[in-house]
Structure formats: structure tokens, C-alpha cells
Amino acid sequence: MARDESPGNPFAIPGAPAPTVGWHHVNGCRLYAEVRGAGPPLLIIGAASDDAEMFRPIAERLAGFTFAAGSAESVGVSGFTVVTLDPRGTGRSSREGWPCDSRAHADDAAGLLNDLGLAPAAIFGASAGGIVAVRLALRHPELVRQVLVYEPGFFRATDAGTALLTRATGAVRDHLRNHPDDWTGALAAVARVAARDRDVDPDTSDDDGGPGPLDAPRGLEWYAERGAALAENFIRDDLPRTRESVDSVALRASGTDIRFAFGTGSAPVFREIAETLTHARQRAGASATGTVAPGTAAPDTAAPGRPDSPGAGPDQPDAIVGAAHLPYLTPVPIAGYIRARCLPRAPVG
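Quick caveat, the model's predicted, so the values are computed rather than measured.

*Asks:* What am I meant to see in the environment of Asp247 here?
*Replies:* Position of Asp247 relative to the elements: it lies in the loop between helix H7 (231–241) and helix H8 (248–253). Residue classification places Asp247 among the partly exposed positions, given a relative accessible area of 39%. Each C-alpha atom, one on Asp247 and one on Val134, is 9.4 Å from the other, the two residues being 113 residues apart in sequence. If sequence neighbours within four positions are ignored, Asp247 has contacts with Arg135 and Leu138. Within the local environment of Asp247, its side chain forms a polar contact with the backbone nitrogen of Ala250, the two atoms lying 3.1 Å apart.

*Asks:* Help me out: how do you make sense of the packing of aromatic side chains in this one?
*Replies:* A ring pair, where both rings are aromatic, is described by two values, the distance of the centres and the angle of the planes. Within the structure shown, the criterion is met by 7 aromatic pairs. Judged by centre distance (5.5 Å) and plane angle (85°), the ring pair of Phe55 and Tyr328 falls under edge-to-face. Of this pair, Phe55 sits in the loop between strand E3 (41–45) and helix H1 (56–62) while Tyr328 sits in the loop between strand E10 (318–320) and helix H10 (331–342); the two residues are 273 residues apart in sequence, bridging distant segments of the chain. For the residue pair Phe55 and Tyr328, the accessibility class agrees, reading buried in each case. Connected via pairs of aromatic rings, a cluster forms that spans Phe11, Phe55, Trp222, Tyr223 and Tyr328.

*Asks:* Would you mind showing me how to read the pairing of E3 here?
*Replies:* Note on strand geometry: in a regular strand, side chains alternate between the two faces of the sheet. Of all 5 residues making up E3, 5 are buried, and the element is well covered by its neighbours. Where burial is concerned, the two faces of E3 agree: the one with Pro41, Leu43 and Ile45 and the one with Leu42 and Ile44 are both buried. As paired elements, E3 and strand E6 (residues 81–86) share 3 bridges and run parallel to each other. Looking across to E6, one finds that Leu42 is bridged to Val82. Of the strand pairs in this sheet, E3 and strand E7 (residues 121–126) are connected by 4 bridges, and their pairing is parallel.

*Asks:* Teacher, can you tell me more about H10 here?
*Replies:* An α-helix turns once every 3.6 residues. As a result, residues three or four positions apart point the same way. When the terminal C-alpha atoms of H10 are compared, their 16 Å separation across 12 residues agrees well with the 16 Å that a helix rising 1.5 Å per residue should span. The buried fraction of H10 is high, at 10 of 12 residues. Taken as a whole, H10 has its buried residues at Pro331, Pro333, Ile334, Ala335, Gly336, Tyr337, Ile338, Ala340, Arg341 and Cys342. Looking at the buried positions of H10, the neighbouring elements they touch are E3, H1, E7, strand E8 (144–150), strand E9 (258–263) and E10.

*Asks:* Sorry, what's going on with the sheet that holds E8 here?
*Replies:* Across a sheet, strands are paired by hydrogen bonds formed along the backbone, either parallel or antiparallel in direction. Pairing in this open sheet of 8 strands is mixed, and the strands run E1-E2-E6-E3-E7-E8-E9-E10 from one edge to the other. The sheet is open, and its two borders are formed by strand E1 (20–26) and E10, each paired with just one other strand. Pairs of neighbouring strands in the sheet enclose a mean axial angle of 25°, with direction left out of account. With 3 bridges connecting them, E9 and E10 associate as parallel partners. Bridge pairing links Ala261 to Asp318 in E10.

*Asks:* Explain the nonpolar core here, please?
*Replies:* Nonpolar side chains tend toward joint burial in soluble globular proteins. Formed by 55 residues in total, the largest nonpolar core has its most connected members in Leu43, Ile123, Leu136, Val147 and Phe260. The contact partners of Leu43, leaving out residues within four places of it in the chain, are Val83, Leu85, Ala109, Leu112, Leu113, Ala122, Ile123 and Phe124.

*Asks:* I'm lost on unusual backbone geometry in this one. Help?
*Replies:* Glycine aside, negative phi is the norm for most residues, and most peptide bonds take the trans geometry. With an omega of 0°, the peptide bond running from Trp98 to Pro99 counts as cis. Among the secondary structure elements, Pro99 is positioned in the loop between E6 and helix H2 (102–116). In this model, Ala119 is joined to Pro120 through a cis peptide bond whose omega is 0°. Even without a glycine there, the phi angle at Asp181 is positive, about 65°. Under the relative-accessibility criterion, Asp181 is labelled exposed at 58%.

Cut-off values and rules
- Residues numbered from 1 in each chain as written.
- Predicted model: local features only at pLDDT ≥ 70, side-chain atom pairs only at ≥ 80, totals over all residues.
- Heavy atoms only, no water.
- Helix = DSSP H or I, 4+ residues; strand = E, 2+ residues; numbered from the N terminus.
- Buried < 20%, exposed > 50% of the residue type's maximum accessible area, 1.4 Å probe, protein only.
- Contact = heavy atoms within 4.5 Å.
- Polar contact = N/O pair within 3.5 Å; in protein donor to acceptor, adjacent residues only side chain to side chain.
- Phe/Tyr/Trp six-rings, centres within 6.5 Å; stacked < 30°, edge-to-face > 60°.
- Pairing = 2+ DSSP bridges.
- Expected span 1.5 Å × (residues − 1).
- Axes fitted to C-alpha atoms, helices over the stretch in contact; angles between N-to-C directions.
- Core = buried A, V, L, I, M, F, W, Y, C linked by side-chain atoms within 4.5 Å.

As C-alpha cells, then:
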């Protein structure tokens, strides 16, 4: 089947092996998914405003494969069988029952893993997709092996997050009152609130015009254009999803390997959310598997966020050095973190 690869994707790897693509009938919806590589399964879950193409550079860096070297031998590259998708209502997937909450998206992810026969899988969920990853871990623990939750949009978990969410939803409400169905303009209004919010970045001012956590840096306008094309998904699905609250009782009771993480290049509010969720999980003494990724240094000697040694202690979230809130803008540190956390290393010697 043909796939929708964009020649302008800034971080795509030239000549990377093509994925297997398909549509999967899951919970009354046709989900579009791409599968790359070989190795233990890994599912990447983005927001409703993120499609598979946006996560393509991360998936390409994580896919394991074998290729010919010369004429007589094969060389294996360790990695994963990586699954990326267009969530329900996004891109090439259908819109039955959309918009929907994180529970429906989690059930879709579970159905996709079952349909592909790739469970149990490691899961990486980012932003609003991080909310889905948590729901998947709690609703379908038998389908997951590890869950990495990167800067999930549980804004109501902290005071700063709640305040930001209030201002963002207010900006959307005011914009749509005057400009009905102008999703792109509503998204721009949210981006302006985030860029100017001192709870997000204490160094910003209302008139500095600097980039915010939802803005693509100069030279990466491809992402801004693709995000604008999916603005309706952000406004109608992602933003309402961030009003959801985490089930702290279920989170504490879960025996699933769940790690929360933040990027050092992100706004402070996302670190606070990751810390709050990590501490809430730990206080009850639940098994949050305070182990580090196989083959990495122990927590007391690890450098949190380094691709070769990501492990913070069990009472702290992982810090990914150089990563931004939109993970596809920093694919190298994100891919390095996932690889170190989820890919077992061969024993030395």
C-alpha cells in the first residue's frame, strides 16, 4: 500500500527502510498504522493532532533491521518493531465516534496491538498521548511491557498547570465565539497563551514574541504547517483531554512498569507535572519499578536523561537532556532515551 511520506520531513533519515502500512478495524474505527523494523514491539502514541508522519524520524531511529554488507554477510541493527499511528479522527484514520476521551483512544491502542499481534509492547506516549499511555497501562496491563510517559497533559495535577489550562481554554472560547470553526486561529490563540505564560516560562514577557512550547523553531516550519492542518484535532480532542484527571488510586495500585519523563528543553510546568505524578505513584509504596533500563548504570551513578544512562531514582521522573515538549522536534534525544529504557542490551563478554 502507498503511504503518505512527506519529502519535506526535516528529520527523516534518507534511504531508511519503508514501513508496512495498513488500516485496522478497531472498535468501530479504521485506524491507519505503520510498522517498521524488527525486534521487541514498541508503540508510539502521540496527541490527536499528531499523525504517524510526524513521529516518522523517531520511529526510523528506533527500528531494528538487517541489511546486506558487501555481498556475503548481513549486519543486524538492534532496535524495535515500531508502530506509529494516526489516532481516531486524525489524518488517514476514520472519524466514527470522534472526538473521544483518552479511554476510547486507549482501547483503540489495545485493539491495534491485538490486531497486529504485537503485545505485550513497550509504550511511549507524549503530551496528550501520554494521557492515553497511562490509560492503556491501567485498562489493559496485560498488553504492555513498559510504559514511558513523556510530559503528559494532566494539567490539573498542578496549580500552574490548572492555571495555564484555564487561560488556554478561555482563549479558545473567546476566539471561537468571534470566529466559529476557525480551528487554526484557535490553536494560534493557545500557542500565544503558552508562549506568554509566566507559569510556563518565568523569563517570558507578554510582548517578547518569543517561541512557546507549541511553536516550531525557525527552520522547522514543516511541523508548524502540519500542526496547523490538524488544528481541529488539537482543539476538539487534545485540549478537552487535558481537562481529565489521573486516577491516582489506580496509578498507585498498578504493578505496570510506568516511568514519567520530561525534557530539559521544556517549560517548567511539564517537569512539575512529571514530578507530581511520580511522587503520587511512589507515596503509596506501589511497585513503580524503580529499576533503570537494562544495561544502564544504577540510579545513584546514572546521569538522568543521557541516552546511555537515563535512570533517575524511583522517586524522580526521568530527565531527557535537550528534549522539547513536542518530541518530534528533538528526535535524537527522544529516540536515545526510549532505546536506553526499553531495549535490553546484550551482556558484555
